[in-house]
Amino acid sequence: MPVQITIRDVPDDVRNELASRAARRGQSMQEFLRGELERIASRPSNDVLLQEVRRRVEASGTRVTAAEILEARDADRK
């Protein structure tokens, strides 16, 4: 069941920018903000993403040093 969320003390300039973005999309402020919240919630957080990257690196047992990355980058530019 959907819930209501109230956000207080939003600065006027932030509210105006969000309203402008909603209007450009032909949406109400509520539609726009709900869509943005759904988009944010559908993505993993940075912490979760980093944990997954670390887990994959450990599982593969492979390590690439910064020097190797720069060397490959520079070789690709020649």
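Throughout this document, residue positions are counted from 1 along each chain, in the order its sequence is written. Where local features are concerned, this predicted model is filtered to residues with pLDDT of at least 70; where side-chain atom pairs are given and counted, the filter is 80 or more; whole-chain, interface and lining totals use all residues. With hydrogens and water stripped out, all remaining heavy atoms of the structure feed into the side-chain values.

Asks: Explain a nonpolar patch on the surface here, please?
Replies: A cluster of nonpolar side chains, namely Val3, Ile5, Ile7, Val10, Val14, Leu37 and Ile40, defines an oily patch on the protein surface of about 690 Å² accessible area. Tracing the backbone shows Ile5 in the segment before helix H1 (12-24). Patches draw on residues past 30% relative accessible area with no salt bridge. Two like charges within 9 Å are joined, as are two nonpolar side chains (Val, Leu, Ile, Met, Phe, Trp, Tyr) within 5 Å. Per-residue and other accessible areas follow the Shrake-Rupley method at a 1.4 Å probe size, with only the shown protein chains counted as cover for residues. Within this document, salt bridges are pairs made up of a side-chain nitrogen of Lys or Arg and a carboxyl oxygen of Asp or Glu, the two lying within 4 Å of each other. Only DSSP runs of H or I reaching four residues or more are called helices, and only runs of E reaching two or more are called strands; each is numbered from the N terminus.

Asks: Before we go on, may I ask you to explain the layout of surface pockets in this structure?
Replies: Over the atoms rolls a probe the size of a water molecule, and its path tells where empty space is left. Estimates place the volume of the largest pocket at around 640 Å³. Around the largest pocket sit 16 residues that line it, and Ile5, Ile7, Leu33, Arg34 and Leu37 are the ones nearest its centre. Counting residues per element, the ones that place at least two in the lining of the largest pocket are H1 and helix H2 (29-42). Broken down by element, the residue count for the lining of the largest pocket peaks at eight residues, all from H2. Grouping the amino acids of the lining of the largest pocket by side-chain chemistry returns 11 nonpolar, two polar and three charged. Grid spacing is 1 Å over the protein atoms alone, the probe is 1.4 Å, and a cavity is where that probe fits but cannot get out, while a pocket is an open set with protein on both sides within 12 Å along at least five of seven lines and lining residues have an atom within 4 Å of a point. Grid points are joined across faces, edges and corners, and a volume is the space filled by probe spheres set on the points. Only Asp, Glu, Lys and Arg are considered charged in this grouping, and only Ala, Val, Leu, Ile, Met, Phe, Trp, Tyr, Cys and Pro are considered nonpolar; every other residue, Gly among them, is considered polar.

Asks: How should the environment of Glu68 be read in this particular structure?
Replies: When you line up the elements, Glu68 lands in helix H4 (residues 66-76). Relative accessible area serves as the criterion here: at 42%, Glu68 is assigned to the partly exposed category. Distance in space between the C-alpha atoms of Glu68 and Asp12 is 49 Å, their sequence separation being 56 residues. Buried, partly exposed and exposed residues are distinguished by accessible area as a fraction of the type maximum, computed with a 1.4 Å probe on protein chains only: under 20%, between the cut-offs, and over 50%, respectively.

Asks: Help me out: how do you make sense of the pattern of salt bridges in this one?
Replies: Think of it this way: side chains of opposite charge can pair up when their charged atoms draw near. Tallied over the entire structure, the rule returns seven salt bridges. Note that Arg21 is salt-bridged to Glu17, the shortest N-O span being 2.9 Å. In this pair, Arg21 and Glu17 are both assigned in helix H1, four residues apart and thus about one turn of the helix distant. Residue Asp74 is joined to Arg73 by a salt bridge in which the shortest nitrogen-to-oxygen separation is 2.9 Å. Because the salt bridges share partners, they merge into one network encompassing Glu17, Arg21 and Arg24.

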